[in-house]
Amino acid sequence: MRILVQGNQPLRGTFRVSGNSNAAVALIAASMLTAEPITLTNVPETVSVKIMLETGAGFGLQAARDDQGGYRLQTPQIVSRQLEREQTAASAGSILFLAPILARRQHARMVLDAPLSRYNPHLAALRDLGVSVKISDGIVDLDLTPWERREIILTQTSVTATSLACMVAAACGKETIIHNAASEPHVTDLLNLLRGMGAGIDGGGSNLLRVQGLETLHGGSMRVSPDHIEAASIAAIGALTDGRVIVEGVRAADLQMILKVYERLGLRADLDADTLNLVAAKPFTISERDEDVDMSVDTMPWPGFPSDLAAIATVIATQASGTVLIHEKLFSNRLLFVDKLSAMGAQIVLCDPHRAIVIGPTRLQGEYIDNPDVRTGLAMLAAALCADGTTTIDNAEGFDRTFENVIGKLIALGAQIKVDAGRGA
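The notes below deal with the structure included here.

**Quick notes on the overall build of the chain**
- Of regular secondary structure, the chain possesses 14 helices and 25 strands.
- Scaling as 2.2 N^0.38, a compact globule of 425 residues should have a C-alpha radius of gyration of about 22 Å, and the chain matches this with 22 Å.
- Projected onto its principal axes, the C-alpha coordinates of the chain cover approximately 60 × 45 × 45 Å.
- Expressed as a percentage of its 425 residues, the buried residues of the chain come to 55%.
- Residue pairs at least 24 apart in sequence account for 71% of intrachain contacts in the chain once pairs closer than 6 positions are excluded.
- Per element, the accessible surface of the chain, about 16800 Å² overall, is 46% carbon and sulfur.
- Each charge sign in the chain was given a centre, from 37 positive and 47 negative side chains, and these centres are 2 Å apart.

Below is the structure:
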């Protein structure tokens, strides 16, 4: 799918944030830990969710959707114990199916679609829980024996590794202590569901978790939390276009650190219990200047500034008066997208795979952008919407992978976006 974006159009109106797609992905896998029904509400219609439901169906998941965005999920039996290569390739979240397979069948097999290093943090967590992990020719065989007590430390503060370990612990261990756990809002959603299914969990929202498992988990229900990444991105797009966009349905507690960084970049937040509006006039005025540069934006594990917003912060920096260092401390190569912004006229020096210096303000110009990454897509859309002229974005179907109908909702705010579904690259 190709879209044409006409820039310099102020957006105005109300944007209703969708449910967190990453949370829904984990909750779908967790629903299969029990044979009893699980009800999920506020589930976004994203490609990631669709893939998880389709993959889950191959393992016995039965899903019925209601007319209000909810699902009744039930898995009477786990009918397969092998995660095929095409399933692991379709979604990074598919590895979470290992938890219900191990919990209910004790043995699982996974055919890898990528280098083993991609899965090392997750497999290390399972090994530390006592799971036998044998790897041969791209095939991983896992065998589980329930345990009385285990205490582990994750090698990375990984959302997926944390989710996998917590699900297995809730169903297979009497007591499990997990150090260096991720604490993002979507992890908290998972812990709340597991608690509702009968597991005892202490430490939700922190990096130290204590999980008391239950031999037979029961049914439960969960409302998927609002997507804080979508909320923060759309609010920033409103400010970048000199518009006024009220983002409804947010959870204020999930936005505290994000808004502190935005405020230093010159965006003042008007936030109440469930609505967000960012107020600013371009060029944005940086506050609390640093010593070597005017400001640094450092990504950190939650509750620090999230890596998934490094790209939108970079776009904001192009419209701020001063020099901003974007320091991606968590992942390599996530700043390579700055070449696209440079092509649009931004003054950016990519120092290394983790650091970029943005010199602002600059007027961005419409450009051709091919294949935006899922994590940077909304930022490139933000750049297009505040640029002069028209920007062409190819392979734009990636926007729907994590965010529900985000292009349609932006058009409703006045964005001039023309969709040409027949001309994807």
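**Thoughts on the packing of aromatic side chains**
- Tallying each qualifying case throughout the model produces one aromatic pair.
- Sitting over the ring of F331, R334 keeps its end group 3.9 Å from the ring centre.

**Focus: the pattern of salt bridges**
- Enumeration over the complete set of coordinates arrives at 15 salt bridges.
- Between R109 and D141 there is a salt bridge, with the nearest N and O atoms lying 2.8 Å from each other. Here R109, found in strand 7 (residues 107-111), pairs with D141, found in strand 9 (residues 139-143); they are 32 residues apart in sequence, far enough to count as distant.
- Classification of R109 by relative accessible area gives partly exposed; the value is 30%.
- Residue class for D141 comes out buried when judged on its relative accessible area of 16%.
- Measuring nitrogen to oxygen at the nearest pair gives 2.7 Å for the salt bridge that ties R355 to D352.
- Owing to a relative accessible area of 35%, R355 belongs among the partly exposed residues under this scheme.
- By relative accessible area, D352 is classed as partly exposed at 24%.
- Within the structure, one salt-bridge network assembled from shared partners comprises R149, E151, E175, D202 and R210.

**A short note on helix 8 (residues 228-240)**
- Over its 13 residues, helix 8 runs 18 Å from end to end, which matches the ideal 18 Å to within 8%, given 1.5 Å per residue.
- At the N-terminal end of helix 8, a side-chain oxygen is found 2.9 Å from the backbone nitrogen of I229, two or three residues along, and the residue is D227.
- In the stretch just after helix 8, D242 is the one whose phi turns positive, near 60°.

**Side note on the layout of surface pockets**
- Within this model, the second largest pocket holds a volume of roughly 360 Å³.
- Surrounding the second largest pocket, 20 residues form its lining, A171, C172, L214, E215 and T216 being those nearest its centre.
- Elements supplying a minimum of two residues to the lining of the second largest pocket: helix 4 (98-105), strand 10 (147-153), helix 6 (159-172) and strand 11 (173-179).
- Its residues assigned to classes, the lining of the second largest pocket shows ten nonpolar, five polar and five charged.

**Things to note about the side chain of S158**
- One can find S158 in the loop between strand 10 and helix 6.
- Given a relative accessible area of 12%, S158 falls into the buried group.
- Within the structure, the side chain of S158 is placed 3.3 Å from the backbone nitrogen of T160, a separation counted as a polar contact.
- Residues contacting S158, with those up to four places away along its chain left out, are H122 and A182.

What counts, and at which threshold
Residues numbered from 1 in each chain as written. Predicted model: local features only at pLDDT ≥ 70, side-chain atom pairs only at ≥ 80, totals over all residues. Heavy atoms only, no water. Helix = DSSP H or I, 4+ residues; strand = E, 2+ residues; numbered from the N terminus. Rg over C-alpha atoms; globule rule 2.2 N^0.38 Å. Buried < 20%, exposed > 50% of the residue type's maximum accessible area, 1.4 Å probe, protein only. Contact = heavy atoms within 4.5 Å. Areas by Shrake-Rupley, 256 points an atom, 1.4 Å probe, with all protein chains shown as cover. Lys, Arg positive; Asp, Glu negative; His and termini not counted. Charge placed at Lys NZ, Arg CZ, Asp CG, Glu CD. Phe/Tyr/Trp six-rings, centres within 6.5 Å; stacked < 30°, edge-to-face > 60°. Lys NZ or Arg CZ within 6 Å of the ring centre and 35° of its normal. Salt bridge = Lys/Arg side-chain N within 4 Å of Asp/Glu carboxyl O. Expected span 1.5 Å × (residues − 1). Polar contact = N/O pair within 3.5 Å; in protein donor to acceptor, adjacent residues only side chain to side chain. 1 Å grid on protein atoms, 1.4 Å probe; cavity = no way out; pocket = protein on both sides within 12 Å on 5 of 7 lines; lining within 4 Å. Points joined across faces, edges and corners; volume = space filled by probe spheres on them. Nonpolar A, V, L, I, M, F, W, Y, C, P; charged D, E, K, R; others polar.

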